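# Residue-level structural notes
Read off the chains here:
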Amino acid sequence: MNDKGNSPFTPGSPVPVELFVGRLEQIKEIIRYIEQVSSGKQENVFLVGDRGIGKSSLASFLRYYVKTQTDIFGVHVFLGRVSTLEEMVHHIFEQILKETKGQPWFKNISKFFENYIRSIDLFGISVSFNPPEQDLKELVRKFPEALNNLLKEIKEQKKGLFIVLDDINGLVEKLGFANWYKSFVDEIATHYDNFPVFMMLAGLPEKRDKLSNIQPSLMRIFRVVEIKKLADEEVEDFLNKAFNNVNIKVESDAMKLMVRYSSGLPILMHEIGDATFWIDTDEVIDKKDAIDGILTAAQKVGEKYLDPKVYRAIRSSRYKSILRKLGEIQIPRTFKKKDVEAKLNANEKKVFHNFLRKIRELGVIEIDVEEERGTYRFVNEIYPIYIWMESQRFKKV
Ligand SMILES: Nc1ncnc2c1ncn2[C@@H]1O[C@H](COP(=O)(O)OP(=O)(O)O)[C@@H](O)[C@H]1O
Ligand SMILES: [Mg+2]
């Protein structure tokens, strides 16, 4: 260890507002809907994107915007491990309590909770909300009414609510969720003229599809906002800001490499930035630091995503030997099926087609639509490096 202080990078956690880059279009669009909410209209947004693309970061940026630029009260609720509606409302109201603690209007809110629910414990700075199961069921059923009552209590200070339900992936699988959401929206439409509540769900693209299969009419309710890769300029902007913040200079060839291997993926730019930050010893990131950083990041990302998804999921010995061969030939990011096939033995050739289909399903490669048929590419620059590293390791043992 050296005395470098803290890394400005946050792989795996939402990015701090001052290092947030890109997403301008989506932000503008969502702010338009937030303005609708201010005039009393209930809005529903489904924020979709792959794992690690930046959904939670965008949600947290928007909550900051709402908090500092509007008189709407925002909460960001993580529901990753939640699988019942009761747990969900529990999390939502607990988060509301946490966020209001310390606000002058906390008294109004806690009064509301005491009336609505029997027990509320306040120890010092932490608030714990432990209603009996029966009351949670009631809260699930009367969710619109509960929100409306809450709004009444805070109407002097806040004119609306912005609620993010993040990581709803587990919840969406449940039949109950889709139906509950549908009746939530229907009830508001039929019973309230004014319901200034913005709901934003965040989840994986396949979860949106799942939801629309379970409850087709639900997807007419949502405005779907999708986020994809960042542009290289945005990645560069991020890396510059982050290293600048800790007074580290980045040489231009080093920057080019870090940007290229980030492949537009926010999670990768943080992993690469972080690894490089810890490797550097002289406050200047040069090409060598960048290369070492990229290799370290490849190792980490491979262990986190490829190991469980590919190396441990693939049992077939023929698939395994194909993987090793891809490493040995140092497969480039974009490759033609027939070129690789030429390097395989008869046994491997027989299953190569299925192998490609399998790793496509696993999200490791995609079809390169811009090239001739039979051209594939790895979804990022890091995966082929890890595959190469793995084959080197195999040779050694
Ligand atoms: N717009 C952005 N600017 C800078 N860093 C970002 C941005 N979006 C995401 N990140 C970073 O990328 C990683 C994944 O982001 P996260 O918001 O957790 O993605 P998701 O919720 O889609 O899985 C985190 O390390 C986060 O800090
Ligand atoms: Mg997230």
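Residues numbered from 1 in each chain as written. Chains lettered and ligands numbered in written order. Predicted model: local features only at pLDDT ≥ 70, side-chain atom pairs only at ≥ 80, totals over all residues. Heavy atoms only, no water.

### As for the sheet that holds strand E1 (residues 43–48)
For the record, the criterion: Whether two strands pair depends on DSSP finding at least two bridges between them. Think of it this way: any DSSP run of H or I at least four residues long counts as a helix, any run of E at least two long counts as a strand, and we number them from the N terminus. Each axis is a line fitted through C-alpha atoms, taken for helices only over the stretch in contact, and angles between the N-to-C directions span 0 to 180 degrees.
Read across the open sheet, the five strands follow the order E2-E5-E6-E1-E7; overall the sheet is parallel. A strand with exactly one partner marks an edge of an open sheet, and here the two such strands are strand E2 (72–78) and strand E7 (223–226). Between one strand axis and the next, the sheet turns by 20 degrees as a mean value, whatever way the strands run. By the bridge criterion, four bridges tie E1 to E7 in an arrangement that is parallel.

### Re helix H11 (residues 252–262)
Keep this limit in mind: Burial classification: accessible surface area is computed with a 1.4 Å probe over protein chains only, and a residue below 20% of its type maximum counts as buried, one above 50% as exposed, and the rest as partly exposed.
Among the residues of H11, Ala254, Met255, Leu257, Met258, Val259, Tyr261 and Ser262 are the ones counted as buried. After H11 finishes, the residue serine 263 shows a positive phi value of roughly 55 degrees.

### Thoughts on a negative patch on the surface
The criterion, for reference: Like-charged residues are merged into a patch within 9 Å and nonpolar side chains (Val, Leu, Ile, Met, Phe, Trp, Tyr) within 5 Å, provided each residue has over 30% relative accessible area and no salt bridge. Per-residue and other accessible areas follow the Shrake-Rupley method at a 1.4 Å probe size, with only the shown protein chains counted as cover for residues. Whenever Lys or Arg places a side-chain nitrogen within 4 Å of a carboxyl oxygen from Asp or Glu, that contact is recorded as a salt bridge. Neither His nor the chain ends contribute to the count of charged residues, in which Lys and Arg are positive and Asp and Glu negative. Throughout, a charge is located at the NZ atom of Lys, the CZ atom of Arg, the CG atom of Asp or the CD atom of Glu.
Taken together, the side chains of Asp232, Glu233, Glu236 and Asp237 present a region of like negative charge at the surface. Here glutamate 236 lies in helix H10 (residues 232–245).

### A short note on the side chain of serine 7
Spelled out, the test is: By the criterion applied in these results, polar contacts are pairs of N or O atoms within 3.5 Å in which, for protein atoms, one can donate a hydrogen and the other can accept it, and in which residues neighboring in sequence qualify only through two side-chain atoms. Residue contacts are defined here by distance: any two heavy atoms, one from each residue, within 4.5 Å place the two residues in contact.
Considering the arrangement of structural elements, one finds serine 7 in the segment before helix H1 (24–38). Engagement of the side chain of serine 7 in a polar contact is seen with the side chain of aspartate 274, the distance being 2.5 Å. With sequence-adjacent residues up to four places away left out, serine 7 is seen in contact with Asp274, Phe277 and Trp278.

### Things to note about the packing of H10 against H11
For the record, the criterion: Roughly parallel here means an angle under 35 degrees, roughly antiparallel means over 145, roughly perpendicular means 65 to 115, and every remaining angle is called oblique. Handedness of each helix crossing follows the sense of rotation of the near helix against the far helix: counterclockwise by less than a right angle gives left-handed, clockwise gives right-handed. In this count, Pro and Cys sit with the nonpolar residues alongside Ala, Val, Leu, Ile, Met, Phe, Trp and Tyr, while Asp, Glu, Lys and Arg are called charged and the others, Gly among them, polar.
Running from amino to carboxyl end, H10 crosses H11 at an angle of 125 degrees, the nearest separation of the two axes being 9 Å. As summarised for this structure, H10 and H11 are arranged oblique, according to the angle between their axes. As H10 packs across H11, the resulting crossing turns out to be right-handed. Within the contact between the two elements, H10 uses Asp232, Val235, Glu236, Leu239, Asn240 and Phe243 and H11 uses Met255, Met258, Val259 and Ser262. Across the contact of H10 with H11, the residue classes tally to six nonpolar, two polar and two charged.

### Digging into the pairing of E1
For a regular strand, the rule is simple: side chains alternate between the two faces of the sheet. Among the six residues that make up E1, six are buried, leaving the element largely enclosed by the rest of the structure. Here E1 shows no split at all, with Glu43, Val45 and Leu47 on one side and Asn44, Phe46 and Val48 on the other all buried. Alignment of E1 against strand E6 (residues 197–203), held across six bridges, turns out to be parallel. Each bridged residue has a counterpart across the sheet, and for glutamate 43 the counterpart in E6 is phenylalanine 198.

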